[in-house]
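Observations on the model geometry
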Amino acid sequence: VIPNKLVHSILEFYLTATMYCLFQLTMSLNSSTLLNEENSQGPKRNSECLESLELETPSSFQDNPLQRLQLASQEVLEKAKKSGRSKCPRCSSSRMFYCYTCFVPVETVPTKEIPIVKLPLKIDIIKHPNETDGKSTAVHAKLLAPDDVTIYKYPCIPEYKEKRHEIALVFPGPDSVSVKDIAFHLQKYSKRGLCDKDDDCSREPFRKQAKMEPKEEKNLNECILNNRNEGTRLKKIIFIDSTWNQTNKIITDERLQGLLQIELKTRKTCFWRHQKGKPDTYLSTIEAIYYFLVDYHQEILKESYKGQYDNLLFFFSFMYTLIKNAKCCAGKE
């Protein structure tokens with residue numbers, strides 16, 4: 001006869017062992033199911049990622065600082081991307097979207113489908129000879145504002161000394177000023193420039209001259225005032241296109257000395273080739289041009305900005321999206 005205590009102990013042991021086996025079996029089945037679901041969704045996820053690379057626009061990214069731009073349709077760039085590289089109509093070189101040596105769109109990107117931007121002043125871009133053409137964003141400005149942008153390859157640049165009362169250089173430095181202070185700082189060049197133009201700067205005051213009729217005196221004063229206002233108006237802005245380590249050779253050139261320097265202190269770059277060790281306020285060339293014009297429009301022209309220059313980032317924003325999507329698919333973001 002087996003004691004009751006022993007029977008209970010044997011039953012308890014078998015019950016515990018059975019429950020443990022059932023638990024292990026359940027866990028194994030769940031793991032297998034999850035693994036199968038993961039494997040089955042893998043191709044789907046990869047496919048969705050590739051589709052997003054083809055179809056997403058800048059507004060698809062909540063953290064995209066370019067998402068509010070008022071841009072022309074970029075469908076022409078989407079089509080060109082799918083077609084692959086094409087020939088430059090001038091030099092026949094194989095390029096994507098545009099030729100960075102001839103400053104024209106390739107054959108798959110019709111010129112009529114590229115937006116043209118009218119600028120309020122002229123822009124000179126001084127390009128360092130060692131700056132890689134294919135990596136430069138300066139060509140974007142020439143493509144999108146061809147009538148107002150000129151690109152020079154250093155050291156072949158104009159003489160600016162005689163026009164420095166109406167020219168400024170965008171470059172950070174200890175003496176650089178903000179956009180809103182341009183007119184104030186150009187006055188010292190304006191006064192000097194007016195005296196160079198007028199032979200009678202040392203003439204006697206008007207009160208000692210022959211008496212004039214009130215109407216004539218009023219017209220003369222208006223003329224003088226207009227001349228002075230004209231002298232303080234910025235007509236051309238210069239940008240340097242190079243890596244930050246290469247700028248010293250250009251910025252120290254005697255032809256650029258004495259020019260008013262402007263710094264864009266509040267903007268941050270979105271450029272995918274941002275140089276390590278440099279602050280994020282160091283912008284790419286096309287970003288600097290765009291942000292300067294936005295500030296100039298608001299601070300100097302005193303007009304509300306309604307996207308007039310947004311299309312200057314037509315190519316930049318498209319490339320930004322492509323690269324961001326590619327990084328997303330590669331798991332880098």
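Residues numbered from 1 in each chain as written. Predicted model: local features only at pLDDT ≥ 70, side-chain atom pairs only at ≥ 80, totals over all residues. Heavy atoms only, no water.

**Comments concerning the nonpolar core**
In this structure, I123, I237, I262, F292 and L312 are the most contacted members of the largest nonpolar core, which totals 57 residues. Ranked by the residues each element gives to this core, the list is headed by helix α7 (residues 285–299), at 9 residues. Counting contributing residues per domain, this core is built from domain 1 (73–108) and domain 2 (115–188 + 232–326), each supplying no fewer than three. (Core = buried A, V, L, I, M, F, W, Y, C linked by side-chain atoms within 4.5 Å. Buried < 20%, exposed > 50% of the residue type's maximum accessible area, 1.4 Å probe, protein only. Helix = DSSP H or I, 4+ residues; strand = E, 2+ residues; numbered from the N terminus. Domains from an automatic or database assignment.)

**Some remarks on the confidence of the model for the protein chain**
Averaged over all residues, the pLDDT of the protein chain is 77; the fraction at 70 or higher stands at 65%. Below a pLDDT of 50 lies the segment residues 25–62, which in the model reaches 30 contacts outside its immediate sequence neighbourhood of four places, other chains included. The low-confidence segment residues 194–212 (pLDDT under 50) makes 11 contacts with residues lying over four places distant or belonging to another chain. (pLDDT = per-residue confidence, 0-100. Contact = heavy atoms within 4.5 Å.)

**Structural notes on the side chain of S176**
For S176, the location among the structural elements is in the loop between β7 (167–170) and α4 (182–197). Within the structure, S176 has its side chain in polar contact with the side chain of E263 (distance 2.8 Å). (Polar contact = N/O pair within 3.5 Å; in protein donor to acceptor, adjacent residues only side chain to side chain.)

**Regarding unusual backbone geometry**
The amide bond that connects Y154 to the next residue, P155, takes the cis arrangement and shows omega of 15 degrees. As for its position among the elements, P155 is in the loop between β6 (149–153) and β7. The backbone phi angle of F103 is positive, close to 60 degrees, even though this residue is not glycine. Here F103 shows up in the loop between β3 (98–99) and β4 (104–105). Given a relative accessible area of 28%, F103 falls into the partly exposed group.

**Focus: helix α8 (residues 314–329)**
Given a rise of 1.5 Å per residue, 16 residues ought to cover 22 Å, and the 23 Å separating the end C-alpha atoms of α8 matches this to within 8%. Along α8, the positions that sit buried rather than exposed are F314, F315, F316, S317, F318, M319, Y320, T321, L322, K324 and N325. Where α8 terminates, the next one or two residues include G331, which has phi positive at roughly 80 degrees. (Expected span 1.5 Å × (residues − 1).)

**Notes on the sheet that holds β7**
Read from one edge to the other, the open sheet built from 5 strands follows the order β6-β5-β8-β7-β9, with strand pairing classed as parallel. Edge strands, defined here as strands with exactly one partner in the open sheet, are β6 and β9 (260–262). Strand-to-strand, the axes of this sheet are offset by a mean angle of 30 degrees, without reference to chain direction. Summarising the sheet, strand β5 (residues 122–127) and β6 pair through 5 bridges and their orientation is parallel. What sits directly across from I125, in β6, is I151. Packed onto the sheet, α7 meets β5, β7, β8 (236–241) and β9 and runs at close to 155 degrees relative to β8. (Pairing = 2+ DSSP bridges. Axes fitted to C-alpha atoms, helices over the stretch in contact; angles between N-to-C directions.)

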